[in-house]
Protein chains: 2
Amino acid sequence: MVRIKDVAKEAGVAASTVSLVMNKKGYVSEATRQKVEAAMKKLKYVPSEVARNLSLSRTNTIGVIMPSVSHPFFGEVIEALEAALYDQNCKMMLCCTQHKENGERTFVDMLKRRTMDGIIMGAHSLDVSLYADVQQPIVAFDRYLNDRIPIVHCNHKKGGQLAAERFLAHGCRHIVEVIGYQGVQTPANEYHFNAADILHAHGVRVDVVEMPWNAFDYPSFAAAAQQLFQQYPDVDGVLGADLAIAACLHVAAALGRRVPDDLRLLAYDGTAVTRMGLEPITAVRQPIRELAELSVRKVLQMVNGTYEDGPWVIDPFILDGNTC
Amino acid sequence: MVRIKDVAKEAGVAASTVSLVMNKKGYVSEATRQKVEAAMKKLKYVPSEVARNLSLSRTNTIGVIMPSVSHPFFGEVIEALEAALYDQNCKMMLCCTQHKENGERTFVDMLKRRTMDGIIMGAHSLDVSLYADVQQPIVAFDRYLNDRIPIVHCNHKKGGQLAAERFLAHGCRHIVEVIGYQGVQTPANEYHFNAADILHAHGVRVDVVEMPWNAFDYPSFAAAAQQLFQQYPDVDGVLGADLAIAACLHVAAALGRRVPDDLRLLAYDGTAVTRMGLEPITAVRQPIRELAELSVRKVLQMVNGTYEDGPWVIDPFILDGNTC
DNA sequence: GTGAAAGCGCTAACAA
DNA sequence: TTGTTAGCGCTTTCAC
């Protein structure tokens with residue numbers, strides 16, 4: 001392994017000079033720079049990032065905690081975060097919590113050990129106290145952690161409004177909302193509260209099906225959909241996450257329900273799966289890329305100490321389809 | 001920030017003793033251990049992972065390079081890799097190459113800088129020479145890089161055989177294979193070669209639709225499917241990646257083709273999307289979790305210098321459905 | 001412009 | 001059993 005001092009010796013200069021050349025800092029005469037660069041090339045020098053990190057107490061690595069990778073919403077979020085971090089010369093350390101006993105705790109410990117400069121946290125935490133004594137920068141992605149941790153999220157209230165208006169425009173009288181486990185504190189809960197409020201105000205009946213914690217895979221939704229149509233045979237509209245609505249679409253077809261004529265289905269999230277079936281599914285689209293970019297910008301501001309308050313909320317919009 | 005020497009001073013011992021206690025190494029008397037632990041607790045000491053990494057020249061981090069996250073196959077692979085790495089106390093650094101100009105090169109550079117102990121590489125490299133002078137351990141995931149880099153993969157030849165036999169059992173006479181860009185060197189190419197060979201041997205006509213490089217999203221496949229049925233109206237069987245077959249299923253339905261009666265559709269990969277439609281799609285399933293665990297085991301063997309030759313290949317199997 | 005030297009926080013021989 | 005000391009490889013201040 002060739003170190004900076006090896007390059008220095010080869011070039012006949014001091015290590016500090018090599019450092020200056022590498023990092024294009026300070027003043028170095030053209031002549032010595034050439035010498036140093038030649039030496040680096042000759043010895044195939046590659047600097048140690050770890051040593052650099054120790055010296056600068058900075059790793060250019062951001063940790064990302066999400067429940068799952070192979071889920072349409074979180075998958076798109078992770079992809080967008082990775083791209084946004086890459087654009088800022090940062091690496092992404094990924095942790096998924098859905099199938100791990102203590103994954104979140106372990107990961108937060110790692111953060112404390114300063115192996116990452118900051119964290120973007122979007123898992124469905126049950127134990128929010130984990131974050132109480134973390135000193136490093138954290139941005140919460142669509143989650144409430146505690147009141148010192150800022151949170152980037154979609155304007156879900158608006159999302160709920162868009163959904164309600166859509167159902168009302170079609171004259172729906174009985175909506176069922178498929179919602180996530182309510183023990184998790186997330187702004188996303190706003191969308192179904194607000195949709196329900198607006199629908200109620202117009203005399204529409206609203207029922208709710210609550211999923212268990214971390215149950216957001218297709219089979220869970222398929223089972224829920226079965227149950228839903230059995231329990232509420234006269235439902236004429238369903239609102240829920242993409243996969244929940246995809247499941248409803250298929251169960252409804254099997255039951256011979258006509259979509260959209262006597263059943264309106266509206267997906268919340270608007271990921272690629274809503275474009276992947278026989279018919280495109282109408283959806284309220286969360287602007288995932290923008291949310292990811294905002295999260296990255298915020299967490300890096302915190303890391304760099306250039307944090308400035310600003311918008312933490314981004315508006316959703318309707319993605320048209322054939323189901324509502 | 002509290003350092004190891006602060007703890008040492010507080011406990012009235014030397015730094016090295018604190019180190020021994022932390023890492024549960026060597027012999028430390030019960031009394032001093034208690035003192036040290038009390039001091040750590042009192043000062044809320046958290047060791048610096050970076051300093052540790054420099055000292056040990058080891059980061060317990062493995063880099064993972066894949067084309068995409070929000071793709072059913074790669075998403076499941078990444079999820080499985082993350083879980084397998086977690087089980088081995090390793091962190092995962094993730095890089096996606098699909099939408100980046102020079103992502104792969106940048107990432108390999110990072111590996112050279114020893115910020116990761118090794119790499120699991122599954123991207124669709126066009127420039128395999130990148131890997132020529134990397135010293136650190138690399139395992140290729142279903143890709144040929146060069147002859148010094150071992151490669152973990154599914155037994156695709158067997159996969160092709162399973163597929164061919166399935167079509168033959170149903171008496172198909174004209175199969176179309178939707179395949180990936182052939183400029184990428186991957187064992188996965190084996191499956192359609194072998195399927196075609198076996199089908200040819202039984203007098204079955206086989207045509208091929210080749211996708212462009214890195215075009216494996218649903219819209220690309222939907223366009224290809226349109227084209228496919230137009231160009232080969234008498235096709236009675238299609239073999240291709242999950243999303244390709246999902247697209248065929250929907251296009252076929254729109255065209256009024258009856259599946260499976262006059263059109264057999266067989267997906268290759270068998271990810272969750274094949275279970276997510278109106279009907280489950282029959283598939284050749286790659287054992288993703290096993291492949292991920294094997295890749296992790298191998299790369300860590302290399303890192304630890306305990307590398308031993310062994311199985312690099314895992315058999316696929318048929319996942320039943322209603323389309324073939 | 002360039003070099004010497006101290007420091008980033010931890011580990012591991014070796015001595016005591 | 002515990003402490004001393006010398007690294008790990010890079011950055012940066014401050015003389016020269």
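Residues numbered from 1 in each chain as written. Chains lettered and ligands numbered in written order. Predicted model: local features only at pLDDT ≥ 70, side-chain atom pairs only at ≥ 80, totals over all residues. Heavy atoms only, no water.

**Some points on the relation of the copies chain B and chain A**
Okay, step 1: Under the fitted operation, chain B is carried onto chain A by 0.0 Å of movement along the axis and a turn of 180 degrees, and the coordinates agree to an RMSD of 0.1 Å. In the structure described here, the two chain copies are related by an operation that fits a two-fold rotation axis. Taking the C-alpha atom as reference, chain B places Met93 of chain B closest to the rotation axis, 2.3 Å from it.
Okay, step 2: Of the interface residues in chain B, 100% have counterparts in chain A that sit at the interface too, so the contact is made through matching surfaces. (Least-squares fit on C-alpha atoms with pLDDT ≥ 70 in both. Contact = heavy atoms within 4.5 Å.)

**Re the protein's contact with DNA strand D**
Okay, step 1: Within the structure, DNA strand D sits among 26 residues, and Ile4, Tyr45 and Arg52 of chain A together with Ser29 and Thr32 of chain B are positioned closest to it.
Okay, step 2: Among all atoms of DNA strand D positioned within 4 Å of the protein, those belonging to sugar or phosphate total 74%.
Okay, step 3: The separation between a base nitrogen of DNA strand D and a polar main-chain atom of Ala51 of chain A is 3.4 Å.
Okay, step 4: At the level of elements, helix H2 (15-23) and helix H4 (49-56) of chain A together with helix H2 (15-23) and helix H4 (49-56) of chain B are the ones that each hand at least two residues to the surface near DNA strand D. (Near = heavy atom within 4 Å. Polar contact = N/O pair within 3.5 Å; in protein donor to acceptor, adjacent residues only side chain to side chain. Helix = DSSP H or I, 4+ residues; strand = E, 2+ residues; numbered from the N terminus.)

**Focus on the sheet that holds strand S12 (residues 317-319) of chain B**
All names here are of chain B.
Okay, step 1: In space, the six strands of this open sheet follow the order S7-S6-S8-S9-S10-S12, with mixed pairing throughout. One side of each edge strand has no neighbouring strand; the edge strands of this open sheet are strand S7 (205-210) and S12. Neighbour to neighbour, the strand axes of the sheet diverge by 25 degrees on average, direction disregarded. (Pairing = 2+ DSSP bridges. Axes fitted to C-alpha atoms, helices over the stretch in contact; angles between N-to-C directions.)

**Structural notes on the sheet that holds strand S1 (residues 61-66) of chain B**
Okay, step 1: Pairing is mixed in the open sheet, where twelve strands are placed in the order S11(A)-S5(A)-S4(A)-S3(A)-S1(A)-S2(A)-S2(B)-S1(B)-S3(B)-S4(B)-S5(B)-S11(B). Where the open sheet ends on each side, the last strands, each with one partner, are strand S11 (313-314) of chain A together with strand S11 (313-314) of chain B.
Okay, step 2: The strands touched by helix H11 (residues 288-304) of chain A are strand S1 (61-66), strand S3 (118-121), strand S4 (138-141), strand S5 (151-154) and S11 of chain A; relative to S4 of chain A, the strand with the most contacts, the crossing angle is about 165 degrees.

**Section: the packing of aromatic side chains**
Aromatic ring pairs are defined here through the distance separating the ring centres and the angle between the ring planes.
Okay, step 1: What the rule picks out here adds up to eight aromatic pairs over all chains.
Okay, step 2: Measuring from centroid to centroid gives 5.4 Å for Phe73 of chain B and Phe74 of chain B, while their planes differ by 70 degrees, and the two rings are edge-to-face.
Okay, step 3: For the pair Tyr307 of chain B and Trp312 of chain B, a centre-to-centre distance of 6.0 Å together with 40 degrees between the ring planes defines the contact as tilted.
Okay, step 4: Trp312 of chain B sits in the buried class, given a relative accessible area of 12%.
Okay, step 5: Following the ring pairs from residue to residue traces out a cluster consisting of Phe73, Phe74 and Phe216 of chain A.
Okay, step 6: The lysine or arginine in question, Lys100 of chain A, covers the ring of Tyr86 of chain B, its NZ or CZ lying 4.9 Å from the ring centre. (Phe/Tyr/Trp six-rings, centres within 6.5 Å; stacked < 30°, edge-to-face > 60°. Buried < 20%, exposed > 50% of the residue type's maximum accessible area, 1.4 Å probe, protein only. Lys NZ or Arg CZ within 6 Å of the ring centre and 35° of its normal.)

**Points about the protein's contact with DNA strand C**
Okay, step 1: Every one of the 26 residues lining DNA strand C counts as a neighbour, but Thr17 of chain A together with Ile4, Tyr45, Arg52 and Ser55 of chain B are closest to it.
Okay, step 2: Of everything in DNA strand C that lies within 4 Å of the protein, sugar and phosphate atoms constitute 78%.
Okay, step 3: Here a phosphate oxygen of DNA strand C and a side-chain polar atom of Thr17 of chain A are 2.7 Å apart.
Okay, step 4: Ser55 of chain A places a side-chain nitrogen or oxygen 3.2 Å from a base nitrogen of DNA strand C.
Okay, step 5: When contributions to the surface near DNA strand C are tallied by element, the ones reaching two or more residues are H2 and H4 of chain A together with H2 and H4 of chain B.

**Considerations on the interface of chain B and chain A**
Okay, step 1: Each partner contributes to the interface: chain B provides 46 residues, whereas chain A provides 46 residues.
Okay, step 2: In total, chain B and chain A occlude about 4100 Å² of area from one another, counting both sides; carbon and sulfur atoms represent 67% of this.
Okay, step 3: Of all residues in chain B, the largest losses of buried area upon contact with chain A belong to Glu79, Arg114 and Met276 of chain B, amounting jointly to 16% of the total for that side.
Okay, step 4: A salt bridge links Glu82 of chain A to Lys100 of chain B; the shortest N-O distance between them is 2.4 Å.
Okay, step 5: Counting only elements with at least two residues in the side of chain B that touches chain A, the list comes to H4, helix H5 (72-87), strand S2 (91-96), helix H6 (103-112) and helix H10 (242-254) of chain B.
Okay, step 6: For the side of chain B that touches chain A, the element with the most residues is H5 of chain B, which contributes seven residues.
Okay, step 7: Partitioning the side of chain B that touches chain A into residue classes produces 22 nonpolar, 14 polar and ten charged. (Buried area = accessible area lost by both parts, 1.4 Å probe. Salt bridge = Lys/Arg side-chain N within 4 Å of Asp/Glu carboxyl O. Nonpolar A, V, L, I, M, F, W, Y, C, P; charged D, E, K, R; others polar.)

**Regarding the side chain of Asp269 of chain A**
Residue and element names in this part refer to chain A.
Okay, step 1: You can see Asp269 is positioned in strand S9 (residues 264-269).
Okay, step 2: In terms of polar contacts, Asp269 uses its side chain to reach the side chain of Gln286, at 2.9 Å.
Okay, step 3: Excluding its chain neighbours within four sequence positions, the residues that come into contact with Asp269 are Phe73, Ala241, Asp242, Val284, Arg285 and Gln286.

**Comments concerning the nonpolar core**
Here is a general trend for soluble globular proteins: nonpolar side chains tend to be buried in one another's company.
Okay, step 1: Ranked by size, the top nonpolar core spans 156 residues in total, and within it Leu94 of chain A together with Leu94 of chain B carry the most contacts.
Okay, step 2: Contact partners of Leu94 of chain B, with chain neighbours within four places excluded, come to Ile78, Glu82, Met92 and Leu94 of chain A together with Val64, Val69, Ile78 and Phe107 of chain B.
Okay, step 3: Listed in part, the 38 residues of the second largest apolar core include Met93 and Ile138 of chain A together with Met110 and Val134 of chain B. (Core = buried A, V, L, I, M, F, W, Y, C linked by side-chain atoms within 4.5 Å.)

**A short note on the pattern of salt bridges**
Okay, step 1: Considering all chains together, one arrives at 36 salt bridges over all chains under this definition.
Okay, step 2: As a salt-bridge pair, Arg58 of chain B and Asp117 of chain B come within 3.5 Å of each other at their nearest N and O atoms. Placement of the pair is Arg58 of chain B in the loop between H4 and S1 and Asp117 of chain B in the loop between H6 and strand S3 (118-121), with a sequence separation of 59 residues.
Okay, step 3: According to the relative accessible area criterion, Arg58 of chain B is partly exposed, its value standing at 26%.
Okay, step 4: Of the residues examined, Asp117 of chain B reaches a relative accessible area of 12% and is grouped as buried.
Okay, step 5: Sharing partners across several salt bridges, the network here consists of Arg257, Arg258, Asp261 and Asp262 of chain A.

**Remarks on the domain arrangement of chain A**
Okay, step 1: By the assigned domains, chain A splits into domain 1 (4-56), domain 2 (61-153 + 289-314) and domain 3 (156-285).
Okay, step 2: If you average the C-alpha positions of domain 1 of chain A and of domain 2 of chain A, the two centres end up 35 Å apart. (Domains from an automatic or database assignment.)

**A closer look at the environment of Asn189 of chain B**
Residue and element names in this part refer to chain B.
Okay, step 1: Counting through the fold element by element, Asn189 comes out in helix H8 (residues 189-201).
Okay, step 2: When its relative accessible area of 12% is taken as the criterion, Asn189 is described as buried.
Okay, step 3: A sequence separation of 33 residues divides Asn189 from His156, and the C-alpha atoms of the two residues are 7.7 Å apart.
Okay, step 4: Look past the residues within four positions of Asn189 in its chain and what remains in contact with it is Gln182 and Val184.

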